[in-house]
Structure formats: structure tokens, C-alpha cells
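# Analysis of the macromolecular model
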Amino acid sequence: MSAQVIARVWFGVVAVVALAAPATAQGVADIQVTPSTLTLGVGQRQTLFAAAFDRQGNLLPTATIAFVSSDTTIARVGSDGTVVGLHAGLAKVEARAQNRRAAVAIFVTAPGGAAAPPPDPSASPQASSSAGPPPAGTGTGTGAGVAALVLDPPSLALLPGETARLTVRAVRGDGAPTPPIRTAWRSLRPDIATVSSDGLVTAIAAGEGVIQATAPGISASAVVTVGPAEFVLNLAMLVRPPDMLDTLVATVPSQGGRPVRGGLAWRVADTTIARVGPTGIVQTLAPGETELVASGFGHERRVRIVVFRRPELFVVSPRPSAGPVQVPLTSSAEIAARAEAADSTAIPDAIPAWEVGDSSIASFDPGSGRLTARRLGTTSLTARLAGFDPVVWVITVVDGEIALDRSRVGLVAGGQARLLARFAEGAGTPAALRWSSEHPGVATVSADGTVTGIQPGSATITATAPWGKTTTARVFVTGDLLLSSNRQVTGFALYQLRLAAPDSFVRVLSNDAANLQAVWSPDRTAIAASSNAGGNFDIIVADADGGSIRHVAPDPAVDVEPAWMPDGTRIVFSSARAALRQIYSVRADGSDLKELTTSNGGNSAPAVAPDGQSIAFISLRDGNYELYRMDAGGGNAQRLTTTPVRESSPHYFPNGDIAWLTEREEHGGSSIVRRTEDGTVTTLVDRPETILSFSISRDGTELAFVTGRILNGGKGRTEFALCRQPATPGAAATPIPLAANEQIVTPAF
């Protein structure tokens, strides 16, 4: 006899062996195959489980079982019971042992999920036996269209004494359900597990058993594995306020973490604090502590129950409404949330649940309340407490360094400017900064970075981020007028004064030299002047408080009359370094010197237009001191006056009108005149004495000028006067008190 390949099965573990002859009889009375029906797609595979039993229902672990397909063009079966779908249709696979066999209906669906055609009754699989009644197992219906029975679940794992329910449903040959049919239940190993008439299985003792459901001509089986094991509960501690429900779930870790199906006794030590139902549902009742015990199957588990006072407040810090919480990369921030009673006392047992939206951006430690940044980005942090809406913070992980929109600020006393903070790298604005002033008597700063000038001087303003990073700006508070005076010094020192307190002269720069023609930079943080502190008149630049003096493009020639470009980057001035006085431009740091004029006669007194596009100046190129205008880069000079008198000291109004000094033709003296763009000239100031210099306020509403009058019929000393006057024709001038014999020149707003 040729060798025959058969499968030997021990509780579902299949081994293939080759025998030279049929196996000897082992007293097989019944064969059970699971599942009882099988639906496969073309190309899919699934393994059948087969078990053989003797007449007493005992499992025969050494029985050899062979598998045979009725149509190998539709379904092929291997020696280990693995079925492969080959072609859409219906076939049967028989499991054979000695003279017993059990059949399984195999439905193979076409690609795309099309069902197999209805079975041909002549080809329907059916149980058969060479002797005695048909063996229990899966078989065809008997006329009501039932092809198979299906059990749910297909197998059970139970603890001794545990119960579980099996349900059965009948299906037709195409897999469609049929109306319920009468089913009989039996256990093939009642010493291991019993079953009631409605499918309730009770585990008796450790071992493997089979529960069988039968209907006329068909049957289905479920393997029941019974073994002792420990169970665990899903909670070791339950902390809740009163009137809350929670479900405790018992599972068996060694059996895949499946839930325990009944058989547990639940009790609570103090039922005034909490109570528990027969299925593990716990209800908290009143504040206090107690213990819950779940017992069964030779084991017990305990759960500590803490019922705390009902929180009335959920207090968090910082408030989410204040905006995103900004945390620098690799740093951390503290976030707190706590439950409080109506009297604002803390309820420490009411612990919030925390959740980070993206833990790759930030992590949170509930124990310390620290949120730690991990990478740049935005995520959320949520705190939940039973009885309250979730609290959600937006968390932004940012670059740690901060900066201000400017490092220097100039203000008049009483003026204000707001400093804006930003991150040194990347977008965004740092929040919750703390602002401080080095000298509050000079300048104060508010919580939003608004700086207020108090009195002339300088102060450092510091912004500090919550994570400790700082950035600073230097603030210079100035008076209203800057001027040169010889009061209390040798030479001419620079002073500033407040017009509201005209006797409040504050010395800015004193070095026993002549410091003349000083002008503030457009942002009032620096001063440009002509000074002979180095032995020759050079253009100097200093901070607005007189510090950090530096010479700009020094030269043996005399450099005078500095004027700032509107952006504060360059200074124009006049110099005789080319023999005749000409106008030059230089960067404020002394670099990039440019000669702007080269004409005969000389050019001086440059004044820069508010838009920075042109320069007004005085030139002798046509034989008289006349007013001209040229491009800011030099060239395209245009003559603006033609008079027989001397013109000098041009200045611009904010709207682009030009004012300058002109000599009076009769009786001597000086005038300040104003020229509009259309050429109209109006006299603003008319004085019998000589006006030595003047300035226009930055808003164009006021003039300040210095006059000089020689006493004793031209033989005595010169008497100086400083006046202020509205910039309107015929307005009255107001003198500003000076010290006795004080000489004062070149005021500048």
C-alpha cells in the first residue's frame, strides 16, 4: 500500500506524519470540526480545527485525521487542515478518522466579494458514518434551507466555577441568516464544563472540553479551556467626588487579558461612603475612605476608595485667556490646577487628569507641575476634573532669546514711546514680560513696555521673560532746547533746558572747549556738534546725555554746521578742507565721506529737507550770499533768492517750507522769513537787533532764536538774548532768562 499523508492533532496543534499503512483502530466514535462553515475569497486560506472523541466523549489526542476536498478546483485542503480558496463555488471538506467523518461546507467567493452560487443539493456536504447514527458535527439543512450552525464565541477560556454564554445562529448556503431553529446543547466533557439548555456554560475543572450545539442534520462545536489563573482589576485606587459612577473590570492577564464573566463577589467595607453592584459598578456616596474587595476563583483583589469633598472651584494658573503659554526650547514653565471647596481651601485628593496634545513638542509632569519644551512648535495642555469643563492651554515652544524693536529711545520730558519685544529668532511675541527702569527718576516703564520721560538724563530699560532671558534699551530723556552757553565754564558747553521751566539749564557736555552748533539726531538719542576739543573744529557725535564722544572724519580744516539726514544715518556739514568752504556728507560713524558741492565762491549752512531728498544751503557763487537748493546727493542746484542783502541759516518746516535769516535793508537788524513751495515769502520775525541763529520746533509751531546787541554805541560788550515765539507772523516773542553776561548761541529743538 502506498504511503498516505495524514494529520495528527493534539488540541489544535497539527503535526504531519507519513504512514506506510492505515492507522490501527483507536475507537473513534465522533469527529468535531471547527469552524462548522467556512467562507473564503479566491486566494485566501484558513486552517480547520478537528478533534476525535470516543463513545464516552473523551478526547483522543493520538487519533490521526485526514482531510479531503470534494472539489479541488474550488477548494484545496492540506494535510494540516489548511483550506485554500481557488475558484468561486461550493465544496465540502471532510475530516476522516477510521470509519468516521465530519464535513465542513466551504464557500469560495469570486474576486470583488461576489457570493458563491447556491449549493447543488447533490454536492452539499453532509456528515456520514459507516455505522450507527450520523456523527455530530457540521452538516447541511434538512429542508428548511439551513446549511450550518455558527457559535459565538467560537471558543472559550474560563476559570473553574466561571460561567459564560454561547449563542448559536443558523445560516443558509450563501451565508445569509435563517430564522431561529430549535437547538440542543450538550457537553462532550461534562467533567470539565457543563452547558444548560440555553447555552450557559459552567466551568467545572481544569482541562479541555467541547460544547456542541445540534439541530436536525447539523451541529457546531466550541472548545472550552478551563484552568486556574489570577485575575486583576483595572484600578488599584478610585478617587472621586460624591455621586459618581465607575465600573471596575476584572481581567485574566494569562488568558490574553480577557474580562472575567461573572463569578465574582463584590463588597465595600463602609457602605455609607460607597457601594458596589454585582457587576462591579461603584457609586460614591459621601466624603471619606473605604476599601472594596472583589473575591472569587480562589483569589481576591482590593481597591482603595477615596471620596473627597465636592469641588466648587477649579483654580488654574496661568489663565488660558491670557494667551498662549510660551516656553523657550529646552526650558520649562510651571502650570498649576487645583480643586477647591467653597471656602477656597484646597482638596488635595481631587487630582486633575492631564493630557498633552503632542508630546514630541512638550511634556508635562503632574507631580511637579512643570511643562518641559522639547522642540519648536505649538501644542495643547488639557486639565480635566470631574464636574468641570476641561481647561485647555495653548503651548508654544519658542526660541529662548528675546530682543526689542530698538536699542535706543529718545524722548522729551513728558513724552512717551512704547518698546515692542520679539523673539531674536523666528516669529512671535514673548508674553508676560516684566519691565523695569534703571533710573525711574529719569524714565519709567509700564507693564506693556510704554516708557515715559520724567526729566533729562538716561536710563536703561530692561525686559525680562518668565524664563529669565533679558533684553535692554537705552532711553535718553532730553529737554526741549539744546544750546551752547558759556555759563559757569571756560569756552562753550552744551546745555539743554525745558521750556516749561526755563531756568532749568542742564549741562550735557563740558570739556573746556567751544562746543557749538549742536543738533539732536532725529530720534533724539545722539548729538552732533562742532567742537575744538581736539585743537581744531571737528564734527563730533555723542550720546544725547553727552557720553561716548567720537570725532567724525577729522581734518586739519575747520568743520562746522552739522545737520542730520532724516534717517539718522548720515550727517551733512560744511568744511574748508578744499580751500573754499564746501558741503560734505558722511556716515554718522565717520565712514563714506562725500563732497556734495564744488562751485566757486563757497557753500555753507546746509539744511536737510524733511523727506531727505534735497538740501537747502547758502552760496556765494553768484557774488552775494543767496539761498539755494540741491539734490541730497549733490547736483541740480537751484537758486531760490535774489536780493541785495545777506541770506543765512536756512531751516525746514515739517511741511517742506524753508525759513532763513535775512538782513533788514533799512535801520539794520534781522528778520526770519518763510518761503512756501510756490515761492511766497512771509516775514515771521522782524527784530532791530541782529538775530544770530534760530531753530524751528519739530512740529513747526514754534521758533527759538538768539539775538545779539552791542552796548555803548558799538564800543561795549555784546548782550545776548534767547527768545521763543509762535511760528506765525506778528506773534509776540517771550524771552528766556539768562545769567548775567551769559553768551548763548545756536539753539536747536
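As a starting point, this report considers the structure included with it. (Residues numbered from 1 in each chain as written. Predicted model: local features only at pLDDT ≥ 70, side-chain atom pairs only at ≥ 80, totals over all residues. Heavy atoms only, no water.)

### Notes on the nonpolar core
- Counting residues in hydrophobic clusters, the biggest one holds 25 residues, and the most contacted among them are Val325, Val327, Ile335, Leu371, Leu381, Trp393 and Ile395.
- Within the residue set of this core, elements represented by two or more residues are strand E32 (313-317), strand E33 (325-328), strand E35 (336-340), strand E37 (362-365), strand E38 (370-373), strand E39 (377-384) and strand E40 (391-398).
- When residues in this core are grouped by element, the largest group, four residues, is from E40.
- Residues Ile31, Ala52, Ile106 and Val108 belong to the second largest nonpolar core, which totals 24 residues. (Core = buried A, V, L, I, M, F, W, Y, C linked by side-chain atoms within 4.5 Å. Buried < 20%, exposed > 50% of the residue type's maximum accessible area, 1.4 Å probe, protein only. Helix = DSSP H or I, 4+ residues; strand = E, 2+ residues; numbered from the N terminus.)

### What about the packing of aromatic side chains?
- The tally for this structure, following the rule as stated, stands at seven aromatic pairs.
- Consider the rings of Phe617 and Tyr628, whose centres lie 5.8 Å apart with planes at 25°: the pair is stacked. You can see Phe617 sitting in strand E62 (residues 614-619) and its partner Tyr628 sitting in strand E63 (residues 626-631), a full 11 residues away along the chain. Just as Phe617 is buried, Tyr628 falls in that class too.
- Feature note: the residues Trp354, Phe364 and Trp393 constitute an aromatic cluster, connected by ring pairs.
- Residue placement shows Arg621 over the ring face of Tyr628; its charged tip is 5.0 Å from the ring centre. (Phe/Tyr/Trp six-rings, centres within 6.5 Å; stacked < 30°, edge-to-face > 60°. Lys NZ or Arg CZ within 6 Å of the ring centre and 35° of its normal.)

### Notes on the pairing of strand E57 (residues 559-564)
- Most of E57 sits out of view: five of its six residues are buried.
- Where E57 and strand E58 (residues 570-578) come together, four bridges link them in antiparallel fashion. Across the sheet, residue Ala563 finds its bridge partner in E58, namely Val572. (Pairing = 2+ DSSP bridges.)

### Digging into the pattern of salt bridges
- For the structure on display, the rule yields 33 salt bridges.
- Measuring nitrogen to oxygen at the nearest pair gives 2.6 Å for the salt bridge that ties Arg709 to Glu719. Within this pair, whereas Arg709 is found in strand E70 (residues 702-710), its partner Glu719 is found in strand E71 (residues 718-726), the two being separated by 10 residues in sequence.
- Residues joined in a network through salt bridges with shared partners are Lys92, Glu94, Arg96 and Arg101. (Salt bridge = Lys/Arg side-chain N within 4 Å of Asp/Glu carboxyl O.)

### Overview of the sheet that holds strand E65 (residues 647-652)
- Strand order in the open sheet formed by four strands is E65-E66-E67-E68, with antiparallel pairing between adjacent strands. For this open sheet the edge positions go to E65 and strand E68 (681-687), each flanked by a neighbour on one side alone. For this sheet, the mean inter-axis angle between neighbouring strands, taken without regard to orientation, is 25°.
- Where E65 and strand E66 (residues 658-663) come together, four bridges link them in antiparallel fashion. Looking at the pairing, Tyr652 lines up with Ile658 of E66. (Axes fitted to C-alpha atoms, helices over the stretch in contact; angles between N-to-C directions.)

### Brief notes about the layout of surface pockets
- Taken as a whole, the largest pocket spans an internal volume of roughly 1300 Å³.
- If you trace the largest pocket, you find 50 residues lining it, with Val519, Pro606, Ala607, Pro650 and His651 closest to the centre.
- Those elements giving two or more residues to the lining of the largest pocket turn out to be strand E53 (515-520), E57, strand E61 (603-608), E65, E66, strand E69 (690-696) and strand E73 (744-748).
- Element by element, the count of residues in the lining of the largest pocket is highest for E69, at seven residues.
- Residues belonging to the lining of the largest pocket are distributed by class as follows: 29 nonpolar, 15 polar and six charged. (1 Å grid on protein atoms, 1.4 Å probe; cavity = no way out; pocket = protein on both sides within 12 Å on 5 of 7 lines; lining within 4 Å. Points joined across faces, edges and corners; volume = space filled by probe spheres on them. Nonpolar A, V, L, I, M, F, W, Y, C, P; charged D, E, K, R; others polar.)

### Considering the pairing of E38
- Only one face of E38 is buried, namely the one carrying Leu371 and Ala373, since none of Arg370 and Thr372 on the opposite face is buried.
- In this structure, strand E34 (residues 332-334) lies alongside E38, joined through three bridges in antiparallel fashion. The residue of E38 that forms the bridge with Ala333 is Leu371.
- When E37 meets E38, the two strands line up antiparallel, connected through four bridges. Of the residues in E38, the one forming a bridge with Ala362 is Ala373.
- Counting the residues that bridge the hairpin from E37 to E38 gives four residues, and of these Gly369 lies at a positive phi of roughly 75°.

### Looking at the sheet that holds strand E25 (residues 250-252)
- Spatial ordering of the open sheet is given by E22-E25-E26, a layout of three strands whose pairing is antiparallel. The outermost strands of the open sheet, each flanked by one partner alone, are strand E22 (232-233) and strand E26 (258-259).
- As paired elements, E25 and E26 share two bridges and run antiparallel to each other. Residue pairing for E26: Val252 is matched across the bridge by Arg258.

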